[in-house]
Amino acid sequence: MALIEDIISRAKSNRQRIVLPESLEERTIKAADKALADGIADIILIGSREEIMARARELGLGNIGKATIIDPATSEKTEEYRNLLYELRKNKGMTPEEAAKLVLNPLYFGCLIIKNGDADGQISGALSTTGETLRPALQIIKCSPGISCVSGAMLLITKTPGEDGVLVVGDVAVTPVPDTEQLAQIAVCTARTARSVAGIQEPRVAMLSFSTKGSAKHEVVDKVVAATARAKGLEPGLKIDGELQADAALVPSVGAKKAPGSEIAGKANVLVFPNLEV
Ligand code: ACO
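Presented here is an overview of the structure given in this document. Every chain is numbered on its own, with residues counted from 1 as its sequence reads. Note on the predicted model: pLDDT of at least 70 is required for a residue's local features to be given, and 80 or more for side-chain atom pairs to be given and counted; whole-chain, interface and lining totals, by contrast, use all residues. Think of the side-chain values as coming from all heavy atoms in the structure, minus any hydrogens and water.

**Focus on the sheet that holds strand E9 (residues 270-272)**
We count it as follows: By the convention used here, strands pair only if DSSP detects at least 2 bridges between them. Secondary structure elements are defined from DSSP: runs of H or I of at least 4 residues count as helices, runs of E of at least 2 residues count as strands, and each element is numbered from the N terminus. To obtain each axis, a line is fitted to C-alpha atoms, and for helices this fit is confined to the stretch in contact; angles are then taken between N-to-C directions over 0 to 180 degrees. Whether two residues are in contact is decided by their heavy atoms, any of which lying within 4.5 Å being enough.
The mixed open sheet is built from five strands, whose spatial order is E5-E6-E9-E7-E8. Each having just a single partner strand, strand E5 (152-157) and strand E8 (239-244) make up the two edges of the open sheet. Across the sheet, the axes of successive neighbouring strands diverge by a mean angle of 20 degrees, strand direction being ignored. The strands that helix H8 (residues 180-196) touches are E5, strand E6 (166-171), strand E7 (204-208), E8 and E9; relative to E9, the one it contacts most, it runs at about 155 degrees.

Below, the structure is given as structure tokens:
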């Protein structure tokens, strides 16, 4: 669990303002209480103060009073955020009435707080679906400069492979069938997550496939090879290789045999999965 402790320690020394829109949900409010007790983050809970404090009392949580609590129904900021939402989305056909309704949705309200510079991040998904969680962020916060494709990444804490047992895995759950450019961006962003979240100084990215260095021929393999080249173009200096099968990416003896000369094979600490559709 050294990675989790490391992440908590970095969070404490670089306190961020985190919005929790699903404030009454049990795991969420308990996590908020712990984050506040341990000084891990400044917490913004969305909802009625009365209801949130009653829930905290019911669960025996003593630190929720330290959170900032904002109720979209009564906050003096709601009008400002409603106007912001309307300005951001009017070219997409949003009417003032729709903005006035959507701003009351805690998931939208939280993203508007961030967009306005009043918070740094949001965590949700304990009650809402992935789509409900992602949509306001995609519409309001958008992507980092130079990136147009949002992707997810998982941190796997394992026994041996990866960086001291940590593997960062980029997936295509948000964009189920990425094209070459999108797959390249997913690789670059997953490497960035490896640096910023997992603390891996030198990501070594394996672009996975069912083929290693031409062992199989298929359009899907061609896409992985092209995305690998494109990722190098997007981030020169990034250590990345593909296409590689997982065993060639992770097991030194297999990597040396199937992809001799590769600086990634057998040493990967970041894996990027393609989809098996073109
Ligand atoms: N990267 C960046 N922007 C995106 C992406 C993406 N991958 N996908 C959609 N967008 C943007 C669009 O450009 C659009 O922006 P705009 O309105 O400013 O033009 C906005 O998001 C909404 O796009 P829509 O095409 O209208 O998409 P939709 O409303 O259907 O929602 C969403 C997009 C939420 C990503 C949807 O496709 C979805 O639910 N995908 C599946 C996600 C999912 O459930 N995955 C399983 C995850 S389970 C797990 O990971 C554990």
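**Observations regarding the packing of helix H4 (residues 78-89) against helix H6 (residues 106-115)**
Here is the rule we go by: An angle below 35 degrees is read as roughly parallel, one above 145 as roughly antiparallel, one from 65 to 115 as roughly perpendicular, and any other as oblique. The nonpolar class holds Ala, Val, Leu, Ile, Met, Phe, Trp, Tyr, Cys and Pro. Asp, Glu, Lys and Arg form the charged class, and all remaining residues, Gly among them, are polar.
Taken N-terminus to C-terminus, the directions of H4 and H6 make an angle of 85 degrees; their axes are 10 Å apart at the nearest point. As judged from the angle between their axes, H4 and H6 are roughly perpendicular. Mapping the contact onto sequence places Thr78, Tyr81, Leu84, Leu85 and Leu88 in H4 and Tyr108, Phe109, Leu112, Ile113 and Lys115 in H6. Split by residue class, the contact of H4 with H6 holds eight nonpolar, one polar and one charged.

**Some remarks on the site of the ligand**
The cut-off we apply is this: Nearness of a residue to a molecule or strand requires only that one of the residue's heavy atoms be within 4 Å of it. Side-chain atoms alone can form a polar contact between residues adjacent in sequence; in general such a contact is a pair of N or O atoms within 3.5 Å, and within protein one must be able to donate a hydrogen while the other accepts it. The Shrake-Rupley method, run with a 1.4 Å probe sphere, supplies the accessible areas, and residue values consider only the shown protein chains as cover.
Taken together, the neighbourhood of the ligand is formed by 14 residues, with Arg89, Lys92, Arg135, Lys142 and Val150 sitting nearest. Arg135 places a polar side-chain atom, nitrogen or oxygen, 2.6 Å from an oxygen atom of the ligand. Taking Val150, its main chain carries an N or O atom lying 2.8 Å from a nitrogen atom of the ligand. Its free accessible area being 990 Å², the ligand has 53% of it covered by the protein chains. When residues of the shell around the ligand are assigned to their parent elements, the largest contribution, four residues, is made by helix H7 (residues 130-141). The residue inventory of the shell around the ligand, partitioned by class, reads six nonpolar, four polar and four charged.

**Brief notes about the sheet that holds strand E3 (residues 68-70)**
Strand order in the open sheet formed by four strands is E3-E2-E1-E4, with parallel pairing between adjacent strands. For this open sheet the edge positions go to E3 and strand E4 (121-122), each flanked by a neighbour on one side alone.

**Description of the pairing of strand E1 (residues 17-20)**
Where a strand is regular, its side chains alternate between the two sheet faces. So the rule is basically this: Throughout, right-handed denotes a crossover for which the path from the first strand over the helix to the second runs clockwise when the strands point away from the viewer.
For E1 and strand E2 (residues 42-46), the ladder comprises four bridges, and the chain directions are parallel. Bridging across to E2, Val19 finds its partner in Ile44. The parallel pair E1 and E2 is bridged by helix H2 (residues 26-38), and the resulting crossover is right-handed. In the sheet, E1 pairs with E4 via two bridges, with the strands oriented parallel.

**Some points on unusual backbone geometry**
A negative phi holds for most residues other than glycine; trans holds for most peptide bonds. Here the residue pair Gly242 and Glu243 is connected by a cis peptide bond, since its omega of 5 degrees sits within 30 degrees of zero. Along the chain, Glu243 falls in strand E8. Even without being a glycine, Asp164 presents a positive backbone phi close to 50 degrees. Looking at where Asp164 falls in the secondary structure, it is placed in the loop between E5 and E6.

**Comments concerning the nonpolar core**
Formally: We define a nonpolar core as any set of buried Ala, Val, Leu, Ile, Met, Phe, Trp, Tyr and Cys residues linked to one another through side-chain atoms lying within 4.5 Å. Burial classes follow relative accessibility: with a 1.4 Å probe on protein chains only, a residue under 20% of its type's maximum area counts as buried, one over 50% as exposed, and anything between as partly exposed.
Ranked by size, the top nonpolar core spans 22 residues in total, and within it Ala187, Val205, Met207, Ile240 and Val272 carry the most contacts. If you list the elements that add at least two residues to this core, you get E6, H8, E7, helix H9 (219-234) and E9. With seven residues, the single largest contributor to this core is H8. Judged by nonpolar contacts, the second largest core, of 17 residues, contains Val19, Ile70, Phe109 and Leu112.

**Some words on the layout of surface pockets**
Stated formally: A pocket, in this scheme, is an open set of points on a 1 Å grid over the protein atoms alone with protein on both sides within 12 Å along at least 5 of 7 lines, while a cavity is a set where a 1.4 Å probe fits but cannot get out; residues line either one if an atom lies within 4 Å of a point. Grid points are joined across faces, edges and corners, and a volume is the space filled by probe spheres set on the points.
One number sums up the size of the second largest pocket: a volume of about 220 Å³. What lines the second largest pocket is a set of 13 residues, and nearest its centre among them are Ala2, Leu3, Glu163, Asp164 and Val166. With three residues, helix H1 (residues 2-13) is the single largest residue contributor to the lining of the second largest pocket. For the lining of the second largest pocket, the residue count by class is seven nonpolar, three polar and three charged.

**Some remarks on the environment of Leu45**
Relative to the elements of secondary structure, Leu45 occurs in strand E2. With 112 residues separating them along the chain, Leu45 and Ile157 place their C-alpha atoms 30 Å apart. Contact partners of Leu45, with chain neighbours within four places excluded, come to Leu20, Ser23, Ala32, Ile52, Ile64, Ala67, Thr68, Ile69 and Ile70.

**Notes on the packing of H6 against H7**
This is how the line gets drawn: Throughout, a crossing is termed right-handed when the near helix is turned clockwise from the far one, and left-handed when it is turned anticlockwise from it by less than a right angle.
Orientation of H6 relative to H7, taken along the N-to-C sense of each, is 35 degrees, at an axis distance of 9 Å. Handedness of the H6/H7 crossing: right-handed. Between H6 and H7, the contacting residues are Leu107, Tyr108, Cys111, Leu112, Ile114 and Lys115 on the first element and Glu132, Thr133, Arg135, Pro136, Ala137, Gln139, Ile140 and Ile141 on the second.

**Describing the pairing of E7**
Burial analysis of E7 places five of its five residues in the buried class, the great majority of the element. A two-sided burial pattern is seen for E7, the buried positions comprising Arg204, Ala206 and Leu208 on one face and Val205 and Met207 on the other. Each parallel crossover has a hand, and for E7 linked through H9 to E8 it is right-handed. In the sheet, E7 pairs with E9 via three bridges, with the strands oriented parallel. If you follow Val205 over to E9, its bridge partner there is Val270.

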